[in-house]
Amino acid sequence: MRALARAITLVERRDPSIRRLEEMLRQDARVPGVVGFTGAPGTGKSTLVDSVVALLRKNGQSVAVLATDPNSPFTGGAILGDRIRMQRHALDTKVFIRSMGARGHLGGLSLATREAIRLLGAFGFDEVILETVGVGQSELEVAAMADTTIVVLTPNLGDSVQMIKAGILEIADVFDVNKADLDGHTRVMTELRAMLSLSPKAGWKPPILATVASRQEGIEQLWDAVLAHRRHLEKSGQAQALTEQRLRDETAEVAAELARRRAREALDKDPELAKRLFDDRTPYRTAEEILDRKR
Ligand SMILES: Nc1nc2c(ncn2[C@@H]2O[C@H](COP(=O)(O)OP(=O)(O)O)[C@@H](O)[C@H]2O)c(=O)[nH]1
Ligand SMILES: [Mg+2]
């Protein structure tokens, strides 16, 4: 576990030694199932994740939870509230909980998270659960990394169906109306159903589930929906296509990162080149020149 934590810190810091790590772990490239939980703060995502972890452990599976917060520079541990909530798994070596923050450039978090997922697979974890902590574009980033994205809503007015942001309907593979112990949950489910019936999406129809995470109700059904979606991805060939697309995206991001590093180094080490750039104000030409250089 210590080695794993250390390796994840390296990918978070975008340390150049990741490359060696990749070679070392190549043989153990097991692919864990990746499930994302997204939704407004307070909808009960952490409580749900905690319940899902308990269910998976009961089934004898190992599980890692990555809480991703692009708005936080904070890394290297669990966010306090979530850590307390998930305390009951603290001594379980088949449960790994970690929060990941954004460092460095845009997209750094999703790159680090992808690499962390691969590390978790190599360390033998069966399932990886992603929880978005921040709000905003993080939802889309997480959806791009997860095989199955669960959008969590509640009967509260604040995050009712009308408030659903554009884009979120498209990323949801499963809807969960949590806090089904509160008034109004049937209304939310009905509105959601009506809304989904308008979209002519063929293929997978996102099911709408209800849970009371704080009482661990509906968790098995929620997980069954995840497994059904997973089977759908396998059968339709989308699973393979997704894997390949992700590797392409990741490679493009790594290439951008390496190019950025090379450009910075070249400008630091070559005062002539830097001077020409400052005189001519030609970032494009200079960038091309740097990338064309023999290494
Ligand atoms: N009434 C009710 N409260 C819940 C339920 N699930 C979670 N909560 C509470 O909602 C609050 C926010 O939960 P949390 O898991 O931290 O939400 P997150 O911000 O989405 O991770 C906490 O006080 C939970 O105890 C539920 O099913 N019903
Ligand atoms: Mg949370």
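Nothing here was measured: the structure is a model prediction, and the numbers come from that model. (Residues numbered from 1 in each chain as written. Chains lettered and ligands numbered in written order. Predicted model: local features only at pLDDT ≥ 70, side-chain atom pairs only at ≥ 80, totals over all residues. Heavy atoms only, no water.)

### Observations concerning the site of ligand 1
Rules: We call a residue near a given molecule or strand whenever any one of its heavy atoms falls within 4 Å of it. Identification of polar contacts relies on pairs of N or O atoms within 3.5 Å, with a donor-acceptor requirement for protein atoms, meaning one able to donate a hydrogen and the other able to accept it, and with residues adjacent in sequence counted only if both atoms are side-chain atoms. All accessible-area figures derive from a Shrake-Rupley calculation using a 1.4 Å probe, and residue coverage is judged against the displayed protein chains alone. For this scheme, ten residues count as nonpolar: Ala, Val, Leu, Ile, Met, Phe, Trp, Tyr, Cys and Pro. Four count as charged, namely Asp, Glu, Lys and Arg, and the remainder, Gly too, count as polar.
In the vicinity of ligand 1 there are 17 residues, among which Gly-42, Lys-45, Ser-46, Thr-47 and Asp-181 approach most closely. A distance of 3.2 Å separates an oxygen atom of ligand 1 from a polar side-chain atom of Glu-131. A distance of 3.1 Å is found between an oxygen atom of ligand 1 and a side-chain nitrogen or oxygen belonging to Lys-179. Protein burial of ligand 1: of its 580 Å² of free accessible surface, 72% is covered by the chains. Tallied by class, residues from the shell around ligand 1 come to five nonpolar, seven polar and five charged.

### Considering the packing of helix α1 (residues 2–13) against helix α5 (residues 108–122)
As a reminder, the rule being used: Orientation is described by lines fitted to C-alpha atoms, with helices fitted over the stretch in contact, and by angles between N-to-C directions that extend from 0 to 180 degrees. Strands are runs of DSSP state E lasting at least two residues, helices are runs of H or I lasting at least four, and both sets are numbered from the N terminus onward. Angles below 35 degrees are treated as roughly parallel, those above 145 as roughly antiparallel, those between 65 and 115 as roughly perpendicular, and all remaining angles as oblique. Should the near helix be turned anticlockwise from the far one by less than a right angle, the crossing is left-handed, and should it be turned clockwise, the crossing is right-handed. It only takes one pair of heavy atoms within 4.5 Å for two residues to be counted as in contact.
At their nearest, the axes of α1 and α5 sit 9 Å apart, and the two run at 155° to each other. Considering the angle they form, α1 stands roughly antiparallel to α5. Relative to α5, the crossing made by α1 is right-handed. Residues Leu-4, Ala-7, Ile-8, Val-11 and Glu-12 of α1 form the contact with α5, whose own contacting residues are Ala-112, Glu-115, Ala-116, Leu-119 and Leu-120. Within the contact of α1 with α5, the residues separate by chemical class into eight nonpolar, no polar and two charged.

### Looking at α5
An α-helix turns once every 3.6 residues. As a result, residues three or four positions apart point the same way. Spelled out, the test is: Here, expected helix span is obtained from the residue count minus one, scaled by 1.5 Å. Throughout, exposure labels follow a simple rule: accessible area from a 1.4 Å probe, protein chains only, divided by the maximum for the residue type, with under 20% read as buried, over 50% as exposed, and the rest as partly exposed.
Under the 1.5 Å per step criterion, the end-to-end length of α5 is 21 Å for 15 residues, consistent within 8% with the ideal 21 Å. A large share of α5 lies buried, amounting to 14 of its 15 residues. Of the residues one or two after α5, Gly-124 is the one with positive phi, at around 90°.

### Thoughts on the pattern of salt bridges
If charged atoms from side chains of opposite charge come close, those side chains can pair. Our working rule: Criterion for a salt bridge: a side-chain nitrogen of Lys or Arg within 4 Å of a carboxyl oxygen of Asp or Glu.
According to the stated counting rule, one finds 16 salt bridges in the structure shown. The partner of Arg-215 in a salt bridge is Glu-217, and the shortest N-O contact between them spans 2.9 Å. Exposure remark for Arg-215: the relative accessible area of 49% places this residue in the partly exposed category. Linked by salt bridges that have partners in common, Arg-14, Glu-115, Glu-257 and Arg-261 make up one network.

### Some words on the coordination of the magnesium ion (ligand 2)
Around a metal, the perfect tetrahedron of four donors has angles of 109.5 degrees, and the perfect octahedron of six donors has angles of 90 or 180 degrees. Our working rule: Sites may look incomplete, because water is not among the atoms used; the donor set itself consists of N, O and S atoms within 2.8 Å of the metal (3.2 Å for Na, K and Ca).
Donor atoms from the polypeptide that coordinate the magnesium ion (ligand 2) comprise Ser-46 (OG) and Glu-131 (OE), at 2.1 to 2.3 Å from the metal. Within this pair, whereas Ser-46 is found in helix α3 (residues 45–58), its partner Glu-131 is found in strand β4 (residues 127–132), the two being separated by 85 residues in sequence. As far as burial versus exposure is concerned, Ser-46 and Glu-131 are alike and both buried.

### Brief notes about the confidence of the model for the chain
Going by this rule: The predictor reports its confidence for every residue as pLDDT, a score running from 0 up to 100.
Overall, the predicted model of the chain reaches an average pLDDT of 85, with 85% of residues at or above 70. This model gives residues 74–78 a pLDDT under 50, and the stretch forms 16 contacts once residues within four places in sequence are excluded.

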